Amino acid sequence: MTDLPLALVTGASRGIGAAVAHQLAPTHRLLLGGRDEAALAKVAEELPGAQPWPVDLTDPAALAEATSRIVGLDVLVHSAGAARLGSVADSPADVWRANLEVNVVAVAELTRLLLPALRAAHGHVVVINSGAGRTARAGWGPYAASKFAARAFADALREEEGGLRVTSIYPGRTDTQMQRSVVEHEGGEYDPAHYLRPDSVATAVLTAVSASPEAHLTELILRPR
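All of the points below concern the structure found in this document. (Residues numbered from 1 in each chain as written. Predicted model: local features only at pLDDT ≥ 70, side-chain atom pairs only at ≥ 80, totals over all residues. Heavy atoms only, no water.)

Focus: the side chain of Thr67
Next up, step 1: On the secondary structure map, Thr67 appears in helix 3 (residues 60-67).
Next up, step 2: A distance of 3.2 Å separates a polar side-chain atom of Thr67 from the backbone oxygen of Ala64. (Helix = DSSP H or I, 4+ residues; strand = E, 2+ residues; numbered from the N terminus. Polar contact = N/O pair within 3.5 Å; in protein donor to acceptor, adjacent residues only side chain to side chain.)

Quick look at the structure:
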(Lines give C-alpha, C1' and ligand atoms only; values in the text may rest on other atoms or scores of the structure.)
Protein backbone atom coordinates (compact mmCIF):
# COMPACT_ATOMS: atom_id res chain seq x y z
CA MET A 1 0.00 0.00 0.00
CA THR A 2 2.86 2.42 0.77
CA ASP A 3 4.08 2.09 -2.83
CA LEU A 4 0.83 3.43 -4.27
CA PRO A 5 0.65 7.05 -5.49
CA LEU A 6 -0.81 9.60 -3.08
CA ALA A 7 -4.00 11.55 -3.83
CA LEU A 8 -5.57 14.39 -1.86
CA VAL A 9 -9.29 14.90 -2.42
CA THR A 10 -11.02 17.95 -0.93
CA GLY A 11 -14.71 17.87 -0.09
CA ALA A 12 -14.27 14.14 0.54
CA SER A 13 -16.83 13.79 3.32
CA ARG A 14 -19.78 13.49 0.95
CA GLY A 15 -21.12 13.87 -2.58
CA ILE A 16 -18.72 14.00 -5.50
CA GLY A 17 -15.63 14.16 -3.28
CA ALA A 18 -16.54 10.96 -1.44
CA ALA A 19 -17.33 9.26 -4.75
CA VAL A 20 -13.95 10.31 -6.14
CA ALA A 21 -12.22 8.90 -3.07
CA HIS A 22 -13.95 5.55 -3.55
CA GLN A 23 -12.97 5.43 -7.22
CA LEU A 24 -9.31 6.25 -6.51
CA ALA A 25 -8.97 3.98 -3.47
CA PRO A 26 -7.95 0.78 -5.30
CA THR A 27 -4.97 2.50 -6.95
CA HIS A 28 -4.04 5.33 -4.55
CA ARG A 29 -3.30 6.15 -0.97
CA LEU A 30 -5.73 8.88 0.03
CA LEU A 31 -5.86 12.03 2.09
CA LEU A 32 -9.51 12.93 2.65
CA GLY A 33 -9.90 16.69 2.93
CA GLY A 34 -12.84 18.41 4.61
CA ARG A 35 -14.04 20.18 7.73
CA ASP A 36 -16.32 17.48 9.20
CA GLU A 37 -13.88 15.19 11.01
CA ALA A 38 -16.53 12.62 11.94
CA ALA A 39 -17.76 12.34 8.34
CA LEU A 40 -14.19 12.06 7.03
CA ALA A 41 -13.45 9.31 9.56
CA LYS A 42 -16.50 7.40 8.38
CA VAL A 43 -15.37 7.57 4.75
CA ALA A 44 -11.84 6.56 5.75
CA GLU A 45 -13.16 3.45 7.50
CA GLU A 46 -14.54 2.26 4.16
CA LEU A 47 -11.27 2.78 2.27
CA PRO A 48 -8.03 0.97 3.14
CA GLY A 49 -5.09 3.34 2.93
CA ALA A 50 -7.21 6.47 3.42
CA GLN A 51 -6.58 9.06 6.13
CA PRO A 52 -8.75 12.00 7.17
CA TRP A 53 -7.15 15.37 6.41
CA PRO A 54 -9.37 17.82 8.34
CA VAL A 55 -8.75 21.47 7.55
CA ASP A 56 -10.70 24.63 6.82
CA LEU A 57 -9.58 25.55 3.31
CA THR A 58 -10.39 29.21 3.95
CA ASP A 59 -8.03 29.42 6.95
CA PRO A 60 -4.59 30.31 5.51
CA ALA A 61 -2.63 29.45 8.65
CA ALA A 62 -4.33 26.08 9.12
CA LEU A 63 -3.88 25.31 5.43
CA ALA A 64 -0.18 26.13 5.53
CA GLU A 65 0.29 23.89 8.56
CA ALA A 66 -1.65 20.98 7.04
CA THR A 67 0.21 21.09 3.73
CA SER A 68 3.67 21.42 5.29
CA ARG A 69 3.77 17.68 5.99
CA ILE A 70 3.16 16.66 2.35
CA VAL A 71 6.43 16.25 0.44
CA GLY A 72 5.20 14.37 -2.61
CA LEU A 73 1.70 14.39 -4.13
CA ASP A 74 0.62 12.56 -7.27
CA VAL A 75 -2.99 13.75 -7.53
CA LEU A 76 -4.84 16.78 -6.15
CA VAL A 77 -8.60 16.81 -6.70
CA HIS A 78 -10.41 20.05 -5.89
CA SER A 79 -13.95 18.90 -5.12
CA ALA A 80 -14.89 21.19 -2.23
CA GLY A 81 -17.16 24.01 -3.30
CA ALA A 82 -19.77 26.58 -2.33
CA ALA A 83 -22.91 27.56 -4.24
CA ARG A 84 -24.64 30.75 -3.15
CA LEU A 85 -26.98 31.84 -5.91
CA GLY A 86 -28.75 35.10 -6.62
CA SER A 87 -29.32 37.77 -9.21
CA VAL A 88 -26.86 40.61 -9.62
CA ALA A 89 -29.45 43.01 -8.21
CA ASP A 90 -30.09 40.90 -5.12
CA SER A 91 -26.57 39.65 -4.31
CA PRO A 92 -24.56 41.83 -1.90
CA ALA A 93 -20.79 41.63 -1.68
CA ASP A 94 -20.73 38.84 0.90
CA VAL A 95 -22.46 36.46 -1.54
CA TRP A 96 -19.82 37.09 -4.20
CA ARG A 97 -17.03 36.77 -1.64
CA ALA A 98 -18.39 33.50 -0.24
CA ASN A 99 -18.35 31.85 -3.66
CA LEU A 100 -14.98 33.25 -4.66
CA GLU A 101 -13.32 32.41 -1.34
CA VAL A 102 -14.11 28.68 -1.54
CA ASN A 103 -14.27 28.08 -5.29
CA VAL A 104 -11.24 30.15 -6.34
CA VAL A 105 -9.07 31.55 -3.55
CA ALA A 106 -8.92 28.32 -1.53
CA VAL A 107 -8.28 26.29 -4.69
CA ALA A 108 -5.45 28.59 -5.76
CA GLU A 109 -3.86 28.75 -2.30
CA LEU A 110 -4.00 25.00 -1.68
CA THR A 111 -2.45 24.38 -5.08
CA ARG A 112 0.24 27.01 -4.50
CA LEU A 113 1.23 25.47 -1.19
CA LEU A 114 1.36 21.98 -2.71
CA LEU A 115 3.22 22.89 -5.90
CA PRO A 116 6.59 21.64 -4.59
CA ALA A 117 5.01 18.29 -3.73
CA LEU A 118 3.18 18.12 -7.06
CA ARG A 119 6.29 19.04 -9.02
CA ALA A 120 8.31 16.38 -7.21
CA ALA A 121 5.81 13.73 -8.32
CA HIS A 122 5.05 15.20 -11.78
CA GLY A 123 1.52 15.25 -10.45
CA HIS A 124 -1.99 15.87 -11.69
CA VAL A 125 -4.40 18.61 -10.57
CA VAL A 126 -8.11 18.03 -11.18
CA VAL A 127 -10.56 20.89 -10.72
CA ILE A 128 -14.22 19.87 -10.40
CA ASN A 129 -15.81 22.86 -12.06
CA SER A 130 -19.45 23.12 -13.23
CA GLY A 131 -21.56 23.77 -16.28
CA ALA A 132 -21.84 27.24 -14.72
CA GLY A 133 -18.13 27.63 -15.40
CA ARG A 134 -18.89 27.74 -19.12
CA THR A 135 -22.31 29.40 -19.29
CA ALA A 136 -23.67 32.04 -16.90
CA ARG A 137 -27.43 31.95 -16.37
CA ALA A 138 -29.77 34.52 -14.88
CA GLY A 139 -29.83 34.17 -11.11
CA TRP A 140 -26.51 32.32 -11.01
CA GLY A 141 -24.09 35.25 -11.43
CA PRO A 142 -22.05 35.04 -8.18
CA TYR A 143 -21.59 31.28 -8.46
CA ALA A 144 -20.90 31.32 -12.21
CA ALA A 145 -18.34 34.08 -11.79
CA SER A 146 -16.42 31.95 -9.31
CA LYS A 147 -16.51 28.95 -11.63
CA PHE A 148 -15.39 31.00 -14.63
CA ALA A 149 -12.49 32.15 -12.44
CA ALA A 150 -11.73 28.54 -11.47
CA ARG A 151 -11.57 27.72 -15.18
CA ALA A 152 -9.07 30.57 -15.72
CA PHE A 153 -7.03 29.34 -12.76
CA ALA A 154 -6.76 25.83 -14.23
CA ASP A 155 -5.90 27.16 -17.68
CA ALA A 156 -3.16 29.40 -16.28
CA LEU A 157 -1.75 26.61 -14.11
CA ARG A 158 -1.61 24.29 -17.12
CA GLU A 159 0.37 26.86 -19.10
CA GLU A 160 2.73 27.69 -16.25
CA GLU A 161 3.46 24.21 -14.93
CA GLY A 162 4.49 22.12 -17.92
CA GLY A 163 5.51 19.20 -15.73
CA LEU A 164 1.99 18.77 -14.35
CA ARG A 165 -1.26 17.61 -15.88
CA VAL A 166 -4.24 19.86 -15.16
CA THR A 167 -7.81 18.79 -15.89
CA SER A 168 -11.03 20.79 -15.57
CA ILE A 169 -14.18 18.71 -15.29
CA TYR A 170 -17.52 20.36 -16.01
CA PRO A 171 -20.39 18.25 -14.68
CA GLY A 172 -23.99 19.22 -15.26
CA ARG A 173 -26.42 19.00 -12.39
CA THR A 174 -25.46 16.19 -10.04
CA ASP A 175 -27.43 14.42 -7.32
CA THR A 176 -25.83 15.93 -4.21
CA GLN A 177 -26.91 17.81 -1.11
CA MET A 178 -25.69 21.00 -2.74
CA GLN A 179 -28.01 20.33 -5.67
CA ARG A 180 -30.94 19.85 -3.31
CA SER A 181 -30.21 23.27 -1.82
CA VAL A 182 -30.04 24.80 -5.29
CA VAL A 183 -33.37 23.32 -6.34
CA GLU A 184 -34.94 24.48 -3.07
CA HIS A 185 -33.60 27.98 -3.77
CA GLU A 186 -35.16 27.83 -7.24
CA GLY A 187 -38.48 26.64 -5.81
CA GLY A 188 -38.54 23.43 -7.86
CA GLU A 189 -39.21 19.78 -7.05
CA TYR A 190 -36.19 17.56 -6.56
CA ASP A 191 -36.02 14.39 -8.66
CA PRO A 192 -32.66 12.55 -8.50
CA ALA A 193 -33.46 10.78 -11.78
CA HIS A 194 -32.91 14.07 -13.62
CA TYR A 195 -29.31 14.44 -12.47
CA LEU A 196 -25.90 12.84 -12.83
CA ARG A 197 -24.79 10.44 -10.12
CA PRO A 198 -21.69 11.44 -8.13
CA ASP A 199 -20.12 8.15 -9.26
CA SER A 200 -20.41 9.28 -12.87
CA VAL A 201 -18.40 12.42 -12.13
CA ALA A 202 -15.89 10.35 -10.15
CA THR A 203 -15.46 8.06 -13.15
CA ALA A 204 -14.49 11.10 -15.23
CA VAL A 205 -11.86 11.97 -12.63
CA LEU A 206 -10.51 8.42 -12.72
CA THR A 207 -10.43 8.52 -16.52
CA ALA A 208 -8.32 11.68 -16.50
CA VAL A 209 -5.98 10.45 -13.78
CA SER A 210 -5.56 7.03 -15.40
CA ALA A 211 -4.70 8.35 -18.86
CA SER A 212 -1.44 7.02 -20.29
CA PRO A 213 1.60 9.17 -19.44
CA GLU A 214 1.77 10.93 -22.81
CA ALA A 215 -1.95 11.81 -22.77
CA HIS A 216 -3.28 14.98 -21.15
CA LEU A 217 -7.07 15.27 -20.76
CA THR A 218 -7.42 18.99 -20.29
CA GLU A 219 -11.23 19.27 -20.16
CA LEU A 220 -14.12 16.85 -19.69
CA ILE A 221 -17.77 17.88 -19.98
CA LEU A 222 -20.57 15.70 -18.55
CA ARG A 223 -24.30 16.25 -18.83
CA PRO A 224 -27.28 14.21 -17.61
CA ARG A 225 -28.93 12.27 -20.45
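Things to note about the pairing of strand 2 (residues 29-34)
Next up, step 1: Of all six residues that make up strand 2, five are buried, and the element is covered over most of its length.
Next up, step 2: Two elements, strand 1 (residues 6-9) and strand 2, share four bridges in a ladder whose sense is parallel. Residue pairing for strand 2: Leu6 is matched across the bridge by Arg29.
Next up, step 3: Regarding the hand of the β-α-β motif, the stretch spanning strand 1, helix 1 (residues 15-24) and strand 2 is right-handed. (Buried < 20%, exposed > 50% of the residue type's maximum accessible area, 1.4 Å probe, protein only. Pairing = 2+ DSSP bridges. Right-handed = clockwise from strand over helix to strand, strands pointing away.)

Thoughts on the sheet that holds strand 6 (residues 165-171)
Next up, step 1: Pairing in this open sheet of seven strands is parallel, and the strands run 3-2-1-4-5-6-7 from one edge to the other. A strand with exactly one partner marks an edge of an open sheet, and here the two such strands are strand 3 (50-54) and strand 7 (219-222). Going from strand to strand, the sheet's axes swing by 15° on average, the running direction of each strand aside.
Next up, step 2: For strand 4 (residues 75-78) and strand 5 (residues 124-128), the ladder comprises four bridges, and the chain directions are parallel. The partner of Leu76 across the bridge, within strand 5, is Val125.
Next up, step 3: Its contacts with the sheet place helix 4 (residues 93-121) against strand 1, strand 3, strand 4 and strand 5, and it is angled at close to 175° to strand 4. (Axes fitted to C-alpha atoms, helices over the stretch in contact; angles between N-to-C directions. Contact = heavy atoms within 4.5 Å.)

Spatial relationships are all this shows, so hold off on functional conclusions.
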